[in-house]
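# A structural walkthrough
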Amino acid sequence: MNAVWTIAVKEVRDAVRSRWLIVYGITFAVLALGLSYLGERNLGSLGFDNFSRTTASLVNLCLLLVPVIALSLGASSIAGEQERGTLSYLLAQPLARWELLAGKYTGLVVSISIATIAGFGLAGVFIAFYASTMDATTYLLLLGLMLALVAVMTGIGVVTSVVCNSRAQAMSVALLIWFVAVLFFDLVLIGLVSGASLGGRGLLVGLLLNPIEIVRVLAIMNLEPDLTVLGPFGSYLVEEMGKGTATASLLTALAVWEVTPMAIATWVFNDRRA
Amino acid sequence: MSNPPILTVGGLTKRYGRLTVLDRVSFNLDAGSIVALLGANGAGKTTTFKCVLGMTDFRGKVEVAGKSVAKSGKDVRKLVGYLPQTPGFADDDTCLEALRFLAELRRVPLNCIGPLLEKVNLAPQRDVRVRELSGGMRQRLALAAALLSDPPLLLLDEPTANLDYQSREELHDLLVQLRGEGRTIVLSTHFVEHVADIADRVILLKDGQVALDQATASLFTDAGKDFTVHLNGTASASFLAALHSAGIGAERVAPARPDLQEAIRRALAGKAEKEESCQ
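The following paragraphs examine the structure supplied in this document. Since the structure is predicted, the reported quantities are computational estimates derived from the model, not experimental observations.

Turning to the overall build of chain B, a few remarks are in order. Helices and strands together make up the secondary structure of chain B, namely ten helices and twelve strands. The buried share of chain B, taken over its 279 residues, is 45%. Only carbon and sulfur atoms are counted for the fraction: they give 48% of the accessible area of chain B, which is about 14,000 Å².

From N to C terminus, chain A includes eleven helices and zero strands. The helix and strand sequence of chain A, counted from the amino end, reads α-α-α-α-α-α-α-α-α-α-α. Burial statistics for chain A: of 274 residues in total, 50% are counted as buried. The contacts in chain A between residues at least 6 apart in sequence include a share of 80% that link residues at least 24 apart.

Bringing the interface of chain A and chain B into the picture now. Chain A puts 24 residues into the contact, and the matching count from chain B is 26 residues. In this assembly, chain A packs against chain B so that about 2,300 Å² is buried in total across both faces, 60% of it on carbon and sulfur atoms. Scanning the region where chain A abuts chain B turns up five salt bridges. The shortest N-O distance in the salt bridge between B:Asp93 and A:Arg17 comes to 2.9 Å. Our count for the contact surface shared by chain A and chain B stands at eleven residue pairs in polar contact (both at pLDDT 80 or more). When contributions to the side of chain A that touches chain B are tallied by element, the ones reaching two or more residues are α1 (3–17), α4 (87–91) and α5 (97–130) of chain A.

All names here are of chain B. Within the element layout of this structure, Ser188 appears in strand β8 (residues 184–189). The exposure class assigned to Ser188 is buried, which follows from its relative accessible area of 0%. If we ignore the near neighbours within four places in the chain, the residues touching Ser188 are Leu37, Lys45, Phe49, Leu156, Asp157, Glu158 and Pro159.

Another point: the sheet that holds strand β5 (residues 67–68) of chain B. Residues and elements named next belong to chain B. Across the sheet, which stays open at both edges, the four strands sit in the order β2-β1-β4-β5 with antiparallel pairing between neighbours. Looking at the sheet topology across the chains shown, the edges are occupied by β2 (19–29) and β5. Where strand β4 (residues 59–64) meets β5, two bridges bridge the pair, whose relative direction is antiparallel. Across the sheet, residue Val64 finds its bridge partner in β5, namely Lys67. Contacting β1 (7–16), β2 and β4, helix α1 (residues 45–52) crosses the sheet at an angle of about 115 degrees to β1.

Residue and element names in this part refer to chain B. Of all six residues that make up β8, six are buried, and the element is covered over most of its length. By the alternation rule, side chains of β8 split into Thr184, Val186 and Ser188 and Ile185, Leu187 and Thr189, which are all buried. Judged from the five bridges that link them, strand β3 (residues 34–38) and β8 form a sheet pairing that is parallel. Looking across to β8, one finds that Ala36 is bridged to Leu187. Two strands pair when backbone bridges link them, and strand β7 (residues 153–157) and β8 are joined in this way by five bridges, in the parallel orientation.

Residues and elements named next belong to chain B. Of all eight residues in α1, seven are buried; the element is thus mostly enclosed. Buried within α1 are the following residues: Lys45, Thr47, Thr48, Phe49, Lys50, Cys51 and Val52. Just downstream of α1 lies Gly54, where phi reads positive at about 70 degrees.

Residue and element names in this part refer to chain B. Of the pairings in the sheet, the one linking β1 to β2 comprises seven bridges and is antiparallel in character. The residue of β2 that forms the bridge with Val9 is Phe27. Count of turn residues in the β1/β2 antiparallel hairpin: two residues, of which Gly17 carries a positive phi of about 65 degrees.

A few words now on the sheet that holds β3(B). Residue and element names in this part refer to chain B. In space, the six strands of this open sheet follow the order β6-β7-β8-β3-β9-β10, with mixed pairing throughout. Every other strand in the sheet has two partners, leaving β6 (80–83) and β10 (209–215) as the edge strands with one partner each. Ignoring which end each strand starts from, the neighbouring axes of this sheet average 15 degrees apart. The pairing of β3 with strand β9 (residues 201–206) spans four bridges and is classified as parallel. From the neighbouring strand, Leu38 faces β9, where its bridge partner is Leu204. This element, α1, spans β3, β6, β7, β8 and β9 of the sheet and lies at about 145 degrees to β7.

Describing two packed helices takes the angle between their axes plus the distance from one axis to the other. Residues and elements named next belong to chain A. It is at 7 Å that the axes of α1 and α5 come closest, and there the two elements cross at 40 degrees. Between α1 and α5, the interaxial angle falls into the category oblique. Note that α1 runs across α5; the crossing there is right-handed. Two secondary-structure elements touch here, α1 through Ala3, Val4, Ile7, Ala8, Glu11, Val12 and Ala15 and α5 through Trp98, Glu99, Leu100, Ala102, Gly103, Lys104, Thr106, Gly107, Leu108, Val110 and Ser111. Looking at the contact of α1 with α5 residue by residue, the classes come out as eleven nonpolar, four polar and three charged.

Okay, unusual backbone geometry next. Residues and elements named next belong to chain B. Although it is not a glycine, Ala65 sits at a positive phi angle of roughly 50 degrees. As for its placement among the helices and strands, Ala65 is situated in the loop between β4 and β5. Phi at Asp150 takes a positive value of approximately 50 degrees, unusual for a residue other than glycine. One can find Asp150 in the loop between α5 (135–146) and β7.

Per the stated rule, a full pass over the model turns up 22 salt bridges over all chains. With its nearest N and O atoms 2.6 Å apart, the salt bridge here joins A:Lys104 to A:Glu81. With A:Lys104 in helix α5 and A:Glu81 in helix α3 (residues 50–84), this residue pair connects regions lying 23 residues apart in the sequence. Each member of the salt-bridge network shares a partner with another, and the members are A:Lys10, A:Arg13, A:Asp14, A:Arg17, B:Asp93 and B:Glu97.

Attention now moves to the packing of aromatic side chains. All names here are of chain B. According to the stated counting rule, one finds four aromatic pairs over all chains in the structure shown. Measuring from ring centre to ring centre gives 6.5 Å for Phe49 and Tyr82, while their planes differ by 80 degrees; the resulting arrangement is edge-to-face. With Phe49 in helix α1 and Tyr82 in strand β6, this pair connects stretches of sequence that are 33 residues apart. A single burial state applies to Phe49 and to Tyr82, both of which are buried.

Calculation rules
Residues numbered from 1 in each chain as written. Chains lettered and ligands numbered in written order. Predicted model: local features only at pLDDT ≥ 70, side-chain atom pairs only at ≥ 80, totals over all residues. Heavy atoms only, no water. Helix = DSSP H or I, 4+ residues; strand = E, 2+ residues; numbered from the N terminus. Buried < 20%, exposed > 50% of the residue type's maximum accessible area, 1.4 Å probe, protein only. Areas by Shrake-Rupley, 256 points an atom, 1.4 Å probe, with all protein chains shown as cover. Contact = heavy atoms within 4.5 Å. Buried area = accessible area lost by both parts, 1.4 Å probe. Salt bridge = Lys/Arg side-chain N within 4 Å of Asp/Glu carboxyl O. Polar contact = N/O pair within 3.5 Å; in protein donor to acceptor, adjacent residues only side chain to side chain. Pairing = 2+ DSSP bridges. Axes fitted to C-alpha atoms, helices over the stretch in contact; angles between N-to-C directions. Parallel < 35°, antiparallel > 145°, perpendicular 65-115°, else oblique. Left-handed = near helix turned anticlockwise from the far one by under 90°. Nonpolar A, V, L, I, M, F, W, Y, C, P; charged D, E, K, R; others polar. Phe/Tyr/Trp six-rings, centres within 6.5 Å; stacked < 30°, edge-to-face > 60°.

Printed below as a string of structure tokens:
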């Protein structure tokens, strides 16, 4: 068993023991089930395409919950080890720093993914049981996008963990990132577009700078390519590029987001003294 | 061809910003001895260990069994067992789980864990969680972890700091046993009296430099020519004065052994005197 795998397995075991992950899993499942139930009951009776609407609500729930849990667990990974005094002990073992970082990252991503799949899966079973239509491929695609978001946001969390001097500081920075990316990003960018005449290209760059927005647009685009639902960034993208090119551009940007944070974290961590 | 020293430290210098923590520290250690690395808090003992383990960058040469720490840090760490000041185990792990994790990291067969737990007298606690262990038990668990890959060099950072007298004695017995197996043990502490009975050699760090590097036995030999007279009964001061003429026979006469702290103090004073006379 190599070092990365050993650390990842330990991380998953610790996460299962931890109350954080259990609380997240239960919260996610309850909210997802609640949303699905309400969506099916209310929208279904009104004759809407209840699968798309219910799933869109689920996506919005994921875009709130997944980043906050991934960012905060990533932020407490290395900083938490340092605070508990276990980091220097791990660094004294015969493993490279990148192996420690990769192992912790992999373990966290797997743990959060398990809880996300559990919540998403429960809701999926419910929708499949009650919905008049159920597109399993689209649903699995959405799940895949959420897991990709888990990987990106955990990586960003790990960056804050290696950059900051304490767990509290890392958590604060991570929550600030979540707050800006999830709640404030749209408003700030729209303000910039109108105030600073950013234009369409500015909008596009803005969209690519926020992985949560990338995933949101990708998800909605595949679920219901309705320009009113897509929002200003998504609408512009589809109108200018067409759905195919827009999807390819967004997926490329997401791939860059997958690797960049961990590359930065490894570089910073290698350079940091024990 | 003779074996290389198990540890070679040459011109080791470590700076944190403008602060020089280690300043051209040099020493070699041969296999099968216990070396006390002494010094006040902040003298550079832990930093020396971190450099030997390749956990921090440094200037100078550090080699373990001929392997350069700067070039092959990961390989060197396989040869070194480390017991930090605060053993970093996860509180929720049992002793067995904690050792299994480290054994997997070190790629050591898991069947070595049982005998190691017995060696450090923790076999009955194998399924006890780390958070439920006493300070002494945690130290013994950390020692078992340090011994996992059967390393020829052990670095023990303040291993007796939180131990009661009995646990300290047990640890010392174990260290003597490990020295008998041919291991080299470097023991850092600022409690000189804790290592007086077991250290073969003393290296004293002061202000980031080696202030003294000497065999413990020679420290005691050089410490003075005082004698202790053990009387066959209780004797008053006035009685002592007339000891010889009154014909009171001494039961045993032996050289007085000062404590190690006093021996070091005298050695440093002697060294300073020599340096002054040379100038």
